[in-house]
Amino acid sequence: MNAPTAKASFSSKPFLYRIRWILVGGLVLASVSSLFTFGLLFLSGWFLAAAAVAGWGGAAAHAAFNIFPPACGVRFFALGRIVTRYLERLVTHDAALRNTGDLRTWSFARLVPRSVPLMLRARSGDVLSRFVKDTETIGQYPLDVLLPCSTAVLCSLVMVGVAALFCGHAAGWMAVGLTLGGLMLPVAAGRACSRLIAEEVRHTEKLRADLLEDLQGMADIIFCGAAERKLAEAAQTQRSLNKVSAQQGKRALMLRHLLTPIVMGTVLLVLAAASKAHLAGLLSGPEIPMLGLGALTGFEVVQPLVDARVAQARYNQAAQRAAALYNLPVPVDEVAKAPLPKRYDLAMADVTMRFNGHDVLQGATLHLAEGERMAITGPSGAGKTTLIRLAVRFLDPDSGSISFGGTPLSDLTTEELSGSVGVMLQHPHLFQGTLRRNLHLAAPGATEEAMWGALETVGLAAEVRAMAEGLDTPCGDHGQSLSGGQIRRFAAAQVLLRKPKVMILDEPTESLPPQAGEELIGAMLSALPEASVLCITHRAEPLRFMNRVLRLKNGALVPQKT
Ligand SMILES: Nc1ncnc2c1ncn2[C@@H]1O[C@H](COP(=O)(O)OP(=O)(O)OP(=O)(O)O)[C@@H](O)[C@H]1O
């Protein structure tokens, strides 16, 4: 995908702000749970050693040793750890799911007004993967990165502080070990893996986008004899992906394993410092294993930090890709919702439109009165479809004005216009699902009777009745189970169901024989006799139904004799 012109940035701060209190709750629970684990081993170490000392010390020492408080403490920490871990999972997963949900809604709202640049510049598979996978990666950020890092910092401080109450030197070694394991290894992971993760994301993106395009264009690939080449290409991308994934995985694994010598070294140094303090009479014997086990447990909070750094690198990639997608320039200015005008005449005055330095429209002017039927003809590439895109505000003109019912089009959105304007596209799209589902997409409240009525009008009812499942017949991907002519008539039925005041028809008779095309236009106009019609056509059949025909020539509209 091309980078957007403006400097792209994406910030997840506003999303995190919305779930800040859940995150604080998750942090408290995660920290308490880790501290309970620390407390459990810290106390257990002391308890076991003290019990052994009491055992060796004979009956008097045995009687003096009160087993009850430490046993209660051990149970308390063990139980508390399980409960807080469970609650922490509930809270933090809830935060991640909410975050991903908010991001998806936001992403979708950003994609809709960018549909024109997206269609031109992005690959469908790539957009899909950004919308699904990247939002998930960004949504998981608090769970995968924020929480482990903040829990590690908070708990390390508390654990070192507790150790310092008993032995300053032992606490010092613990601090050194935790800093090495919690800072040095993640920094090394960032250096070792970031580039590989970027490459991995690039290969995955290519593989997904290629696969989706290949599946959609399978027939063309086979007819061009390109199947072998495409397979080889996919296999090559997959090999490159496997290679970088394996490399990245190995590096992260090696860094994770490097923690073991750091842990062992720290525990030994803590034990040595504690023993020295014991010999100096500053520490009791059972407190030596207590500090050793405490140091060992301390590493539980820094252990996930290598993975957190890898997750951070993935997040950075996802955020960059999100910025590139969601900051694409919007082709129309966003407006506040204005009520649809009561009138429905469409006027364009002196409209110019330029693409890639080439003027497609230069001073195009038209006025489609209420109830009028107007055709626009012109050579291929003259800008006819561009006129339609301007009329429904998919695009804004470079200059000139367009109004609908006297209201400047710049005050209306495409969505609002769709309440009055029905568009039959040059290449209608049918969604995977049943015919019924596609009709309901056009007119959600349409009754069974209305659906059959519309199909009858466009001459499709008999064919649908003959299908075993009738309206519940699956259309297949992109309407594969229908013929080109059937798809066009189905699209006409969708427009009729909406009962628009203005019908905009782009090549409505294409892929139909002349007689069938003429019948279709005649039937549509009889079904909605009061609707205005703007009909783009290369073909002669629609012309006899029109009040006026304009020809688009050199970017301007001129009257044409029929
Ligand atoms: N969004 C766009 N970005 C860049 N160029 C565009 C865009 N839309 C249209 N064009 C270009 O503008 C010109 C007019 O395209 P348009 O689709 O409006 O022609 P048309 O008259 O409908 O053609 P046809 O009859 O072949 O469908 C073409 O050269 C096309 O490449």
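Cut-offs used in this document
- Residues numbered from 1 in each chain as written.
- Predicted model: local features only at pLDDT ≥ 70, side-chain atom pairs only at ≥ 80, totals over all residues.
- Helix = DSSP H or I, 4+ residues; strand = E, 2+ residues; numbered from the N terminus.
- Rg over C-alpha atoms; globule rule 2.2 N^0.38 Å.
- Buried ≥ 20, exposed ≤ 12 C-beta atoms within 10 Å, placed from the backbone.
- Contact = placed C-beta atoms within 7 Å.
- UniProt positions renumbered as here; feature names shortened; annotations may be inferred.
- Near = placed C-beta within 6 Å.
- Nonpolar A, V, L, I, M, F, W, Y, C, P; charged D, E, K, R; others polar.
- Pairing = 2+ DSSP bridges.
- Axes fitted to C-alpha atoms, helices over the stretch in contact; angles between N-to-C directions.

Caption draft 1: Quick look at the overall build of the chain. Looking only at helices and strands, one finds 20 helices and 10 strands in the chain. Against the globule reference of 24 Å for 562 residues, the chain gives a C-alpha radius of gyration of 35 Å, more extended than a compact globule. Referenced to the eigenvectors of the C-alpha coordinate spread, the extents of the chain come out at roughly 120 × 50 × 45 Å. Across the 562 residues that make up the chain, the buried fraction comes to 37%. A separation threshold of at least 6 residues defines the contact pool for the chain, and within that pool the share at least 24 residues apart is 81%.

Caption draft 2: Representation of the UniProt feature "transmembrane region" (unreviewed entry) in the chain within the structure. Mapped onto the present numbering, the UniProt feature "transmembrane region" (unreviewed entry) falls at residues 21-41, 145-166, 172-193 and 253-274. The distance separating the terminal C-alpha atoms of residues 21-41 is 30 Å; by composition the span is 100% helix and 0% strand. Helix makes up 95% of residues 253-274 and strand 0%, with an end-to-end C-alpha separation of 32 Å.

Caption draft 3: Inspection of the site of the ligand at higher detail. By nearness alone, 13 residues border the ligand, and Phe355, Ser380, Lys384, Thr385 and Thr386 come closest of all. Where the shell around the ligand is concerned, the elements lending two or more residues are α5 (115-121) and α14 (384-391). Among the elements that take part in the shell around the ligand, α14 stands out by supplying 3 residues, more than any other. Looking at the shell around the ligand, its residues break down into 5 nonpolar, 7 polar and 1 charged.

Caption draft 4: Up close: unusual backbone geometry. Its identity as a non-glycine residue notwithstanding, Asn356 has a phi of 45°, on the positive side. When you line up the elements, Asn356 lands in the loop between β1 (346-355) and β2 (358-368). One non-glycine residue with positive phi stands out, namely Ser511, at about 65°. Its place among the elements puts Ser511 in the loop between β7 (502-506) and α20 (514-527). Residue Ser511 is classed as partly exposed on the basis of its 14 C-beta neighbours within 10 Å.

Caption draft 5: Structural context of the sheet that holds strand β3 (residues 373-377). Read across the sheet, 6 strands follow the order β6-β7-β8-β3-β9-β10 without closing on themselves; strand pairing throughout is mixed. Of all the strands in the sheet, the pair left with one neighbour each is β6 (421-424) and β10 (556-559). Strand-to-strand twist across the sheet, computed as the mean angle between neighbouring axes with direction ignored, equals 20°. Of the pairings in the sheet, the one linking β6 to β7 comprises 4 bridges and is parallel in character. Among the inter-strand pairings, Met424 is bridged to a residue of β7, identified as Leu505.

Caption draft 6: Broad picture of the pairing of strand β9 (residues 548-553). Bridging between β3 and β9 involves 4 bridges; their strand directions are parallel. Along β9, the bridge assignment pairs Ile376 with Leu550. Where β9 lies against β10, 4 bridges are found, and the strand directions are antiparallel. Considered in β10, the bridge of Leu552 is made with Leu557. Counting the residues between successive antiparallel strands, the hairpin from β9 to β10 contains 2 residues, one of them, Asn554, with a positive phi of roughly 50°.

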